[in-house]
Structures are given as structure tokens and as C-alpha cells.
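Reading the structure
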Amino acid sequence: MACFTISLFLCYYYRYYSYMKKCLVALVVFIQSFSGHAQTDKQIIIETSRTAMVLTVGNNQRVVQSYLGKKLPASDYEQLKAGREIYLTAGMDNQFEPSIRMIHTDGNPSLELKYSSHHTETSGNISTTIIILKDSVYPVEVLMHYTSYFNEDVIKTWTEIKHKESKPVMLTHYASSLLHFIADEYWLTQFHGDWAREMNLVEEKLTNGIKSIESKLGTRTNFYQTLVFFLSLNKPSTETDGELIAGTLAWTGNFKFSFEVDQRNGLRVHSGINAYASEYYLQPNEIFTTPEFIFTYSANGKGQASRNLHRWARNYAVLDGNAPRMTLLNNWEATHTDFTETRLVELFDEAKKLGVDLFLLDDGWFGNKFPRNDDKAGLGDWQEDKKKLPSGLGYLVKEAEKKGIKFGIWLEPEMVNPKSELYQQHPEWILKLPNREENYGRNQLVLDLINPKVQDFVFSIIDDMMTKDPGIAFIKWDCNRSMTNMYSPYLKEKQTHLFIDYTKALYKVMGRIRAKYPHLPIMLCSGGGGRTDYAALKYFTEFWPSDNTDGLERIYIQWGYSYFFPANTISAHITSMGKQSLKFRTDVAMMGKMGYDIRVNNFTPQELQFSNDAVKNYKRISDVVWFGDLYRLISPYDENRAVLMYVSENKNKAILFNYFTNTRRIDIFSRVLLQGLDPRKKYRINEINLFPGTKSAQPDNDKVFTGEYLMNIGLNLAPGRAAALSSNIFEINEE
Ligand code: DGJ
């Protein structure tokens with residue numbers, strides 16, 4: 001009996017004990033998963049003027065993100081030691097999307113990254129912290145890089161992965177960055193589109209599971225999705241209110257942002273190269289460097305985030321970001337590929353009449369055996385078409401110079417038409433699958449840029465041209481198709497490196513071009529906005545946002561890009577597309593980097609006068625548009641109008657743009673409150689860019705107001721009624 005009682009007791013005790021043990025384990029797991037791992041004291045702080053990121057080294061030597069947000073007093077960070085790992089590995093305890101997954105030489109698919117050391121280097125405005133993480137069993141190192149730009153409030157993060165195993169290891173995941181968030185709600189703003197429909201803004205609440213924004217297109221990778229996002233915490237943010245980050249990836253190839261909301265409403269944001277079909281075999285001692293993920297945190301809405309990114313971009317990311325740009329006349333919309341030398345010289349006169357700085361000769365000037373008379377032939381044969389241009393490019397450069405303008409040219413160096421001498425001479429230089437038919441996009445194929453001989457060829461297209469005709473002052477670099485036929489004859493058995501190596505090869509070529517021609521302005525174009533990223537913009541001075549130049553559509557497209565890119569990078573041309581008045585289309589182009597692509601000869605005398613004045617006005621105001629702070633005041637997504645302004649850094653000048661997007665006359669009664677001015681300064685308002693023979697209908701025109709008044713009482717920009725598709729530009733000068 002006693003024995004039974006004891007065994008019953010033991011049995012109960014055991015069951016109770018194992019139940020208690022289970023509970024205890026569950027509790028520990030719960031606490032750990034909720035609060036991260038138990039911590040030691042070591043903290044690594046990444047700071048800008050308004051933002052802080054706190055990383056803590058746990059007593060298990062794993063590094064966690066304890067905080068990301070508004071800068072706090074340093075003593076507060078000590079209270080924040082829990083968190084989640086900064087770079088989640090696969091194969092060990094992490095069951096969510098990994099940041100890195102590696103298959104070792106012996107087939108082991110796991111990685112555990114522990115803190116080894118860290119150091120920070122600061123030089124003026126820029127600090128870089130490198131945290132070295134190591135696996136304790138395998139000779140693998142991951143270097144986490146965090147560079148902070150103090151004044152601009154921008155942080156960029158990327159990693160370097162290396163190992164010393166005896167043979168290559170395989171990487172199947174290799175994120176640039178992982179950020180963690182804890183909030184009640186997450187609101188994601190993405191920008192999607194298609195050809196001639198770029199940058200459509202959509203904002204939605206994230207729900208449990210993974211939402212990804214990605215591209216697998218190889219080239220022209222932003223065709224359907226631009227690689228930018230806003231992530232608002234707790235509620236959708238406005239221009240002036242709400243906590244958010246704005247993020248983008250400096251990469252011109254396949255990309256992926258994934259947003260994973262877990263079972264406890266924690267959010268993990270991974271950013272990096274899209275690893276789709278891209279297992280990477282990393283050689284011993286080779287360094288795999290992931291692209292930079294760039295983000296800014298704002299506690300005051302999207303406007304502040306954009307201004308942070310614009311300043312950072314001009315100062316550090318875009319080639320010659322703080323230098324002036326040239327206004328130009330492009331011939332694409334006016335002539336397509338149908339022109340003669342004489343016609344081009346006439347167009348120089350039109351450029352001169354407009355008063356622009358440069359004439360840009362677009363597609364159609366090359367090819368002899370296969371002349372480029374449409375998009376079916378000639379790509380790859382970069383010699384002047386002797387029929388169209390018997391005197392050569394040099395003659396055109398000189399003729400332009402005689403008329404006091406510069407000359408620029410269009411190229412699409414990465415592509416080839418099957419109907420070309422290049423295709424006939426070098427079939428091995430082209431991406432195409434063995435045993436499969438060629439698949440075309442715009443009748444063309446992509447060159448195998450990974451092949452160093454192709455890189456030399458592409459470099460020589462620019463180098464030979466510039467050597468022969470050093471007067472060429474501008475290049476438009478186009479890329480009109482995404483990849484199919486995904487097979488590189490050069491890579492042989494390493495086909496999974498194709499997407500990554502192609503993008504790196506592009507940078508290699510651009511690096512060579514920039515080493516020799518450091519300041520030649522080059523426009524980044526990809527059948528419209530298929531390439532718009534900060535890795536490419538290290539080599540390019542501006543980008544072509546869309547082939548859609550309809551004034552009304554352009555408001556939305558340029559508005560979308562303005563969230564992430566400064567105005568001097570957003571090419572905006574006046575064309576004959578769209579039913580709006582020339583004034584409306586001109587006013588829209590003037591909010592970006594203005595140019596023309598139109599038959600000037602068809603202008604009425606008033607239209608020519610208006611355009612000539614507009615170019616002069618633009619030259620007067622462009623430094624504020626290009627280098628000022630942007631305030632988006634009323635979004636076309638919210639109302640039948642779009643209102644924005646740029647304010648110079650010293651706040652002595654501002655330019656206000658007002659566009660009515662309604663197609664019927666409507667009443668708009670509310671006043672527009674300006675932003676970014678000095679409340680104590682006095683400003684005179686002047687409407688500019690008026691069409692000849694018209695007067696400003698603004699009752700406030702040519703009047704003086706304090707900044708305080710303009711920002712609190714504001715202006716009535718629709719006196720009477722808002723005429724359909726009408727617009728105004730106001731120059732606001734300190735008195
Ligand atoms: C696509 C570009 O977006 C256009 O501006 C023009 O340059 C054409 N290519 C020329 O083929």
C-alpha cells in the first residue's frame with residue numbers, strides 16, 4: 001500500500017513535475033521569444049541627428065536589435081536590452097524567414113552567428129560601424145555594416161560574407177539588412193506600375209504572413225515595382241505626421257523586400273538581392289558584398305523622410321548631385337527614327353529658339369548593313385548610318401556648337417537586335433538558352449555583359465565615340481527589355497550567378513566609364529522608369545521616369561518619384577502627348593529637371609514666346625527646385641489638385657507649384673497652407689510662367705506676407721473656380 005501510495009505520489013509528482021517543467025520551459029520560451037535573449041551590457045549605438053538604432057550583445061553572444069526610432073537620451077538606451085537578432089540564420093533555432101542561409105562544404109545547412117568584435121570609424125558627418133559575427137564551428141564570418149549620415153538622418157546597412165572552408169559554400173539567402181519593428185499596426189506604401197504607368201502609390205495594412213515587393217526581371221528591374229517603400233507604424237502617416245521609415249535598395253538587379261508579420265505581431269523587414277534562381281557558390285576567402293539598404297526614419301511623416309533622402313542623395317549618392325543640369329531638346333517624340341542630317345541641324349535652330357543648352361539625338365542614328373529605321377534592326381552596330389548622317393556625328397557636334405548649343409546622344413549599349421552585324425559576328429556574346437528558341441523583347445536580346453570581352457565592347461562604344469568626338473556633352477543610356485533567355489554562355493556551369501554577376505558587370509563597365517569621363521552627364525533610361533535606383537545613380541546624373549509624358553499622368557508619376565529622389569534627378573520633358581495646354585505641360589515639367597521633346601516648329605508665335613520665357617524662368621528658379629527642400633502640400637491622390645513647393649536652404653526663396661487635375665470646372669474653397677518658410681521673414685508672391693496676353697487671376701499676386709501668415713492663413717489658389725487642368729507657378733522671394 002505504502003509502496004503504491006509512494007509510487008502514486010511519484011507518479012503524480014512526476015506528472016506534476018513534468019507538467020510544471022513543460023510550463024516553465026514554455027514560459028522561458030515565451031519570454032525569450034517575446035523579449036529576445038538575456039542580455040549582457042554591451043550595446044552598440046548607431047545614431048544620426050534625430051534617429052537611433054540600439055544593438056545589444058546578448059550573454060549568448062548573439063546580437064539583437066533593441067531599438068530603432070527617435071533619438072533618446074543616452075541613459076535611456078540602457079533600459080533597452082532585449083530585442084531580436086540583427087541577422088537571422090537558417091538551420092538553427094530561427095523558424096522565420098532567414099537573412100542568411102548557407103550550405104557548408106560538408107553539406108551542413110546551418111549557421112550560428114555570434115558576436116566577435118566591432119569598431120566604429122567616424123569622419124565628419126559619416127560614421128561606419130562594423131560588427132563582426134562568426135560561427136563557432138565553421139570558419140564563416142559576416143560583417144554587418146551600418147553607415148550613418150548624421151545631418152541627413154540616413155542610415156545604410158549591408159553585409160560582407162566570407163569563409164575559409166576548403167571548398168565553396170552555397171548561399172541561398174543573403175539579405176542586405178533585417179530590421180525589426182513592434183507596433184500595433186503596420187502600413188506599407190508601395191509603388192507599382194508598368195510601361196508608361198510608373199509609380200502608382202498604394203498603401204495597405206500588413207496582415208500576418210509575408211508580403212513581398214520584388215523583381216525577377218534581371219534588367220529593367222523596376223518595370224513593375226520600383227524598389228522603394230514607406231513603412232508607417234501604428235497608423236498611416238501623412239506628409240507631416242506619423243512615424244515611419246522610407247527604404248530603398250542600391251541595386252540595379254533583382255531585388256526583394258519582405259515584410260513578415262509574426263504570430264505576436266512583430267514585424268521583420270528583409271531587404272536585399274532577390275535570391276530567386278541565384279544560389280551563390282562562394283569561394284574560400286572571396287567576399288560576397290550585399291547591396292546597400294538605405295533608410296531614413298521620420299517621426300514627422302513622409303515629407304521629412306523625403307527631404308532627408310533628397311539631401312543625402314545630392315550630397316552622397318547621385319553623381320554630381322549638387323551640380324547644375326543642362327536643359328535640353330530631345331528629338332524622340334518629334335521624329336522617332338525618321339530624320340536626316342539636315343532635319344537635325346534644323347532642330348538645333350529650334351533648340352536655340354527655345355533657349356535650351358543642349359540637343360539630344362535619340363534612337364535611330366546608327367547601323368549600315370542593318371540601318372536602325374525602327375526597333376527591328378541595328379542595335380549593336382554603333383556606327384553612324386551613312387545615309388542619314390553622311391557627315392558623321394562630328395559634323396553634328398560642330399554644327400550644334402556653331403549655334404551655341406551642346407550635343408548629346410542616345411545609346412542602348414547592353415542590347416543587340418538579331419538583325420545586326422554584332423549578332424552575326426558574336427553569337428557567343430548574347431544571353432540565350434541552348435536548345436531553345438530565342439525569346440525577344442522589343443525585337444532584341446540582352447548581351448552577356450558578364451563576359452569581359454562584352455564589357456570591353458560596351459566600354460569601347462562610349463570610349464571610341466568620346467575619343468573621336470570629344471564635344472559630345474551628354475548621353476542617354478537606354479535599356480529597353482528585361483531578361484528572358486537566361487543563360488550566359490560565359491558562365492557555363494555557374495548559371496545561378498547570372499543575375500548577380502550581370503548587375504556587377506554593369507557597375508564594372510560604368511566604373512571604367514566614370515574613371516575616364518568623371519563628369520559627363522548621363523541619363524539613366526530603361527524604356528521609361530525601368531531603372532531608378534541609387535546604385536546606378538552613382539554613375540548617372542538623372543533618370544527618365546516614364547515614356548508617358550502626358551501632363552496629367554506625369555503629375556502622379558513625378559509625385560511618386562519625388563518621395564525618394566531629388567528633383568534634379570527626375571527628367572521631365574514637355575512633349576505633345578496629352579490634351580492639356582502647353583502651359584500646363586510646361587508647368588508640370590518645371591517641377592522636375594525640365595527638357596523638351598516636341599516639334600517646336602509647330603508652335604504658334606505665342607507658344608514659342610511662352611516657351612522661351614519658361615526656359616528663362618526655369619533657369620532662374622532651378623537652383624531652388626533642384627537643391628531646395630520639397631514640401632508636398634496637397635496630394636493628387638487626396639484631392640483634385642496637386643500642390644507642392646521647394647524652399648531654398650536659407651529660406652529666402654521658394655517656388656510654389658499648383659496643378660488642378662479636375663477635368664471639369666469645380667469649386668475649391670480651402671486655402672493652401674505653405675510650409676518650410678521662416679515665420680518671421682516677409683515674402684513677396686509673384687505668379688510666373690503666365691501665357692502671353694494673360695494676367696494672374698490671383699488676388700494675392702504681387703503682395704507681401706509674413707512667413708507666419710503664409711503658413712497659418714495660407715493662400716487661396718482657386719479664386720473663383722478651379723478651371724479644368726489649369727496650373728500656376730509662384731515665385732516667392734524674401735523682401
Ligand atoms: C525608350 C525611351 O524611354 C524613349 O525615351 C526613347 O529613347 C526610346 N526608348 C528609343 O528607342
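Rules used in this analysis
Residues numbered from 1 in each chain as written. Predicted model: local features only at pLDDT ≥ 70, side-chain atom pairs only at ≥ 80, totals over all residues. Heavy atoms only, no water. Helix = DSSP H or I, 4+ residues; strand = E, 2+ residues; numbered from the N terminus. Rg over C-alpha atoms; globule rule 2.2 N^0.38 Å. Buried < 20%, exposed > 50% of the residue type's maximum accessible area, 1.4 Å probe, protein only. Areas by Shrake-Rupley, 256 points an atom, 1.4 Å probe, with all protein chains shown as cover. Lys, Arg positive; Asp, Glu negative; His and termini not counted. Charge placed at Lys NZ, Arg CZ, Asp CG, Glu CD. Polar contact = N/O pair within 3.5 Å; in protein donor to acceptor, adjacent residues only side chain to side chain. Contact = heavy atoms within 4.5 Å. Core = buried A, V, L, I, M, F, W, Y, C linked by side-chain atoms within 4.5 Å. Near = heavy atom within 4 Å. Phe/Tyr/Trp six-rings, centres within 6.5 Å; stacked < 30°, edge-to-face > 60°. pLDDT = per-residue confidence, 0-100. Expected span 1.5 Å × (residues − 1). Salt bridge = Lys/Arg side-chain N within 4 Å of Asp/Glu carboxyl O. Pairing = 2+ DSSP bridges.

1. Looking at the overall build of the protein
Helix and strand counts for the protein come out as 13 helices and 37 strands. Taken over C-alpha atoms, the radius of gyration comes to 29 Å for the protein, in line with the 27 Å a tight globule of 735 residues would show. Counting only C-alpha atoms, the protein reaches 115 × 70 × 45 Å along its principal axes. Evaluated residue by residue, the protein yields a buried proportion of 59% over its 735 residues. Working note: accessible area of the protein is about 28800 Å², and carbon and sulfur atoms make up 53% of it. On the protein, the mean spot of the 84 positive side-chain charges and the mean spot of the 85 negative ones are 1 Å from each other.

2. A closer look at the side chain of lysine 593
Mapped onto the secondary structure, lysine 593 falls in strand S31 (residues 593-596). Of note is the side chain of lysine 593, whose polar atom sits 3.2 Å from the side chain of glutamate 542. The residues touching lysine 593, leaving out its near neighbours within four places in the chain, are Arg325, Met326, Leu328, Glu542, Ala567, Asn568, Ile570, Ser571, Ala572, His573, Tyr618 and Trp626.

3. Observations regarding the nonpolar core
Ranked by internal contacts, the top residues of the largest apolar core, which has 181 residues, are Leu231, Leu361, Trp365, Phe407 and Phe657. Apart from the residues within four sequence positions on either side, leucine 231 is in contact with Phe181, Tyr186, Trp187, Leu206, Glu243, Leu244, Ile245, Phe259, Leu267 and Val269. Of all hydrophobic cores here, the second largest spans 20 residues; its members include Leu674, Ile685, Leu710 and Leu715.

4. Remarks on the site of the ligand
Every one of the 13 residues lining the ligand counts as a neighbour, but Asp362, Asp363, Lys476, Asp478 and Asp547 are closest to it. Between an oxygen atom of the ligand and a side-chain N or O atom of aspartate 362, the distance comes to 2.8 Å. Within the side chain of aspartate 478, a nitrogen or oxygen atom sits 2.7 Å from a nitrogen atom of the ligand. In isolation the ligand has 300 Å² of accessible area, and contact with the protein removes 98% of it.

5. Focus on the packing of aromatic side chains
Summed over the entire model, instances satisfying the criterion amount to 44 aromatic pairs. Relative to phenylalanine 564, the ring of phenylalanine 191 lies with its centre 5.5 Å away and its plane at 85°, an arrangement referred to as edge-to-face. On the criterion of sequence distance, the pair formed by phenylalanine 191 in strand S12 (residues 186-192) and phenylalanine 564 in the loop between helix H10 (551-562) and strand S30 (571-574) is long-range, its members being 373 residues apart. With centroids separated by 5.5 Å and ring planes inclined at 50°, the aromatic side chains of tryptophan 429 and phenylalanine 457 adopt a geometry described as tilted. Pair noted here: tryptophan 429 is in the loop between helix H7 (421-425) and strand S26 (445-446) and phenylalanine 457 is in helix H8 (residues 452-468), with a separation of 28 residues, a long-range link.

6. A closer look at the confidence of the model for the protein
With 94% of its residues at a pLDDT of 70 or more, the protein has an overall mean of 94. This stretch, residues 1-39, has a pLDDT under 50; its non-local contacts, to residues over four places away or in other chains, come to 30 contacts.

7. So, unusual backbone geometry
For alanine 277, which is not glycine, the phi torsion reads 50° and is therefore positive. On the secondary structure map, alanine 277 appears in the loop between strand S18 (266-273) and strand S19 (280-282). The backbone phi angle of asparagine 435 is positive, close to 65°, even though this residue is not glycine.

8. Overview of helix H5 (residues 341-354)
Here H5 spans 20 Å end to end across 14 residues, near enough to the 20 Å set by a 1.5 Å rise per residue. Along H5, the positions that sit buried rather than exposed are Glu341, Arg343, Leu344, Val345, Leu347, Phe348, Glu350, Ala351 and Leu354. Directly after H5, the chain includes glycine 355, whose backbone phi takes a positive value near 95°.

9. Observations regarding the pattern of salt bridges
Two side chains bearing opposite charge may form a pair once their charged atoms approach each other closely. On inspection of all chains with the given rule, the structure shows 42 salt bridges. Residue lysine 468 pairs with glutamate 384 through a salt bridge whose shortest N-O separation is 3.3 Å. Remark: glutamate 384 occurs in the loop between strand S23 (358-361) and helix H6 (392-402) and lysine 468 occurs in helix H8; sequence separation between them is 84 residues. With a shortest N-O distance of 2.8 Å, glutamate 731 and lysine 653 are connected by a salt bridge. Of this pair, glutamate 731 sits in strand S37 (residues 727-734) while lysine 653 sits in strand S34 (residues 653-660), and the two are 78 residues apart along the sequence. Connected via shared salt-bridge partners are Arg62, Glu85, Asp93 and Glu112.

10. What about the pairing of S23?
In the case of a regular strand, side chains alternate between the two sheet surfaces. Where burial is concerned, the two faces of S23 agree: the one with Leu358 and Leu360 and the one with Phe359 and Leu361 are both buried. Across three bridges, strand S22 (residues 328-330) lies against S23 in parallel orientation. Its bridge partner being in S23, leucine 328 is matched across the sheet by leucine 358. In the sheet, S23 pairs with strand S24 (residues 406-411) via four bridges, with the strands oriented parallel. The residue of S24 that forms the bridge with leucine 361 is isoleucine 409.

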